[in-house]
Amino acid sequence: QVHLVESGGGLVQPGGSLKLSCTVSGNISGIYSMGWYRQAPGDLRDLVATIDSTGRTNYADSVKDRFTISRDNAKKTVYLQMNSLKPEDTAVYLCNARVITQWGRYLEVWGQGTLVTVSS
């Protein structure tokens with residue numbers, strides 16, 4: 001069974017930084033892409049950033065120049081470095097991975113989410 005293990009959320013003051021990590025757990029043959037989405041109370045789930053198997057990245061306009069996504073293929077882990085955090089960044093951050101299972105099938109997996117709160 002494939003699942004995602006997230007860590008790194010918490011409370012931070014405006015202007016501060018946090019780093020999220022997400023690791024794929026389970027037997028897989030490969031990873032197409034990994035990424036982060038976020039959902040604030042009453043809002044839809046929005047893309048934050050993704051990174052594909054070639055290292056190509058995609059960011060929401062609201063986080064460009066403040067957030068950086070990276071991955072360690074050997075560790076099957078994706079990171080999200082968040083700098084210059086704003087109160088509007090407050091949300092549950094969910095990790096997403098699109099993988100190839102050990103049986104050669106495409107599978108999309110979501111983490112349970114980690115809460116990021118930006119407040120003074």
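Reference entry: report on the structure contained in this document. Residue indices follow the written sequence of each chain, beginning from 1 at its first position. Selection of residues for local features in this predicted model requires a pLDDT of at least 70, selection of side-chain atom pairs for listing and counting requires 80 or more, and totals for whole chains, interfaces and linings are taken over all residues. Here the side-chain values reflect all heavy atoms present in the structure, with hydrogen atoms and water set aside.

A closer look at the pattern of salt bridges
Where charged atoms of side chains with opposite charge meet at close range, the side chains can pair.
Link 1 in the chain: Just to be clear on terms, a salt bridge is a Lys or Arg side-chain nitrogen sitting within 4 Å of an Asp or Glu carboxyl oxygen. Summed over all chains, the structure comprises 5 salt bridges.
Link 2 in the chain: Notably, a salt bridge pairs D89 with R38, separated by 3.0 Å at the nearest N-O pair. Highlighted residues: D89 in the loop between β8 (77-82) and β9 (91-101) and R38 in strand β4 (residues 28-39), separated in sequence by 51 residues. The same class applies to D89 as to R38, namely buried.
Link 3 in the chain: The partner of R66 in a salt bridge is D89, with the nearest N and O atoms 2.8 Å apart. Of this pair, R66 sits in the loop between β6 (57-59) and β7 (67-72) while D89 sits in the loop between β8 and β9, placing them 23 residues apart in sequence. Assigned by exposure class, R66 and D89 land together as buried.
Link 4 in the chain: In this structure, a network of salt bridges that share partners links the residues R38, R66 and D89. Secondary structure elements follow DSSP: runs of H or I of four or more residues count as helices, runs of E of two or more count as strands, with numbering from the N terminus. Per-residue accessibility, obtained with a 1.4 Å probe over protein chains only, is compared with the maximum for each type, and a residue is labelled buried under 20%, exposed over 50%, and partly exposed between these values.

Some details on the sheet that holds strand β3 (residues 18-25)
Link 1 in the chain: If DSSP finds at least two bridges between two strands, the strands pair. Strand order in the open sheet formed by 4 strands is β1-β3-β8-β7, and the pairing between neighbours is antiparallel. The sheet terminates laterally at β1 (3-7) and β7, the two strands that pair on one side only. Within the sheet, the average angular offset between the axes of one strand and its neighbour, ignoring direction, is 15°.
Link 2 in the chain: As defined by bridge partners, β3 adjoins β8 across 6 bridges and the pair is classed as antiparallel. In this analysis an axis means a line fitted to C-alpha atoms, helices contributing only their contacting stretch, and an angle means the value between N-to-C directions, from 0 to 180 degrees.

Notes on the state of the cysteines
Between two cysteines, a covalent bond joining their sulfur atoms is known as a disulfide.
Link 1 in the chain: Disulfides are defined in this document as cysteine sulfur pairs within 2.5 Å. Considering all chains together, one arrives at 1 disulfide under this definition.
Link 2 in the chain: Residue C22 pairs covalently with C95 via a disulfide, S to S 2.0 Å. Where C22 bonds to C95 through sulfur, the torsion about that S-S bond is close to -85°, and the disulfide is left-handed. Taken together, the positions of C22 in strand β3 and C95 in strand β9 put the pair 73 residues apart, joining distant regions of the chain.
Link 3 in the chain: For C22, a relative accessible area of 0% corresponds to the buried category.
Link 4 in the chain: The buried category is assigned to C95, whose relative accessible area is 0%.

Quick look at unusual backbone geometry
What is expected of a backbone is that most residues other than glycine have negative phi and most peptide bonds are trans.
Link 1 in the chain: Located in the positive-phi region is D65, a residue other than glycine, with phi close to 75°.
Link 2 in the chain: Tracing the sequence through the fold places D65 in the loop between β6 and β7.
Link 3 in the chain: Positive phi is not limited to glycine here, since K76 has a value of about 55°.
Link 4 in the chain: Structurally, K76 is set in the loop between β7 and β8.
Link 5 in the chain: A relative accessible area of 26% places K76 in the partly exposed class.

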